[in-house]
Amino acid sequence: MTMERILRAMGEVMAERGTEKAGINAVAERADVNKVLIYRYFGGWNGLLEAYVQRGFFLSIFNEKFLEAAPEAPSSETRSRLWSDYTIQFMQEFRTRKSSQELIRWEMTHGETELAQRLASFRNESFKSLINKIAPFSDYDPMAITSLMVSAVTHMVLLSSQNEKILDIDLHTDEGWARLETAIRRIYAGLNIALERENSKKLSEA
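Residues numbered from 1 in each chain as written. Predicted model: local features only at pLDDT ≥ 70, side-chain atom pairs only at ≥ 80, totals over all residues. Heavy atoms only, no water.

Caption draft 1: Up close: the nonpolar core. Counting residues in hydrophobic clusters, the biggest one holds 31 residues, and the most contacted among them are W83 and Y86. Those elements giving two or more residues to this core turn out to be α5 (60-69), α6 (76-96), α8 (114-134), α9 (142-160) and α10 (174-205). Element by element, the count of residues in this core is highest for α9, at eight residues. The next biggest cluster of nonpolar side chains, apart from the first, holds 26 residues, and it includes M3, I6, A22 and I24. (Core = buried A, V, L, I, M, F, W, Y, C linked by side-chain atoms within 4.5 Å. Buried < 20%, exposed > 50% of the residue type's maximum accessible area, 1.4 Å probe, protein only. Helix = DSSP H or I, 4+ residues; strand = E, 2+ residues; numbered from the N terminus.)

Put into structure tokens, the structure is as follows:
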């Protein structure tokens, strides 16, 4: 389908050139279409970029698939495991998506624009849908917990393209990323234990 081909070409061009240097002409050439078609389908560059995000080429399909596979009404222990799995899989996915990394970089430098704000809002809604179904520790501000973890993962992935190491974690090796995955599991497991103890204490004092 021509529209899908254009969106895939959009991702390829962004991955190779960065969002700043991508453009209608480059995308049209990569998709092997007349640029008039891009204007007809998407109305221009902003419409194309927004469509790229909303059609699931950036995060939303990943979140939807994870939600579909998640059990209904998971236990506290299961929620901890689910969020470890989600955070790790998100990190792995984001590492492979150069176009997504370039898009985040673009948003960080254009945050004041209406388009960047719409893209961020769409992404936030995708995260909220995930949290509302399988929120980790629903009584303990899961929005804040998820914001911290996702931001940390995003920062580490973006940093890895510019720096070889952070502390003694080698960001250019599988071993380094495996250490980060282990740390994520420990954080959620430890948080689960701490919150269970806090709940037990509240019950005993009631």
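Caption draft 2: Here's a closer look at the pattern of salt bridges. The tally for this structure, following the rule as stated, stands at twelve salt bridges. The closest approach of N and O atoms between E107 and R123, which form a salt bridge, is 2.9 Å. You can see E107 sitting in helix α7 (residues 98-109) and its partner R123 sitting in helix α8, a full 16 residues away along the chain. Accessibility assignment for this pair places E107 and R123 in one class, buried. Within this structure, E12, E16 and R30 form a network of salt bridges that share partners. (Salt bridge = Lys/Arg side-chain N within 4 Å of Asp/Glu carboxyl O.)

Caption draft 3: Region of the structure containing the environment of A144. With respect to the element layout, A144 can be found in helix α9. Distance from A144 to F127, taken between C-alpha atoms, is 12 Å for residues 17 residues apart in sequence.

Caption draft 4: Quick peek at the packing of helix α2 (residues 24-31) against helix α3 (residues 35-42). Taken N-terminus to C-terminus, the directions of α2 and α3 make an angle of 110 degrees; their axes are 8 Å apart at the nearest point. Considered as vectors, α2 and α3 are oriented roughly perpendicular to each other. Judged by residue contacts, I24, N25, V27 and A28 of α2 engage K35, I38 and Y39 from α3. Of the residues that constitute the contact of α2 with α3, the class distribution is five nonpolar, one polar and one charged. (Axes fitted to C-alpha atoms, helices over the stretch in contact; angles between N-to-C directions. Parallel < 35°, antiparallel > 145°, perpendicular 65-115°, else oblique. Contact = heavy atoms within 4.5 Å. Nonpolar A, V, L, I, M, F, W, Y, C, P; charged D, E, K, R; others polar.)

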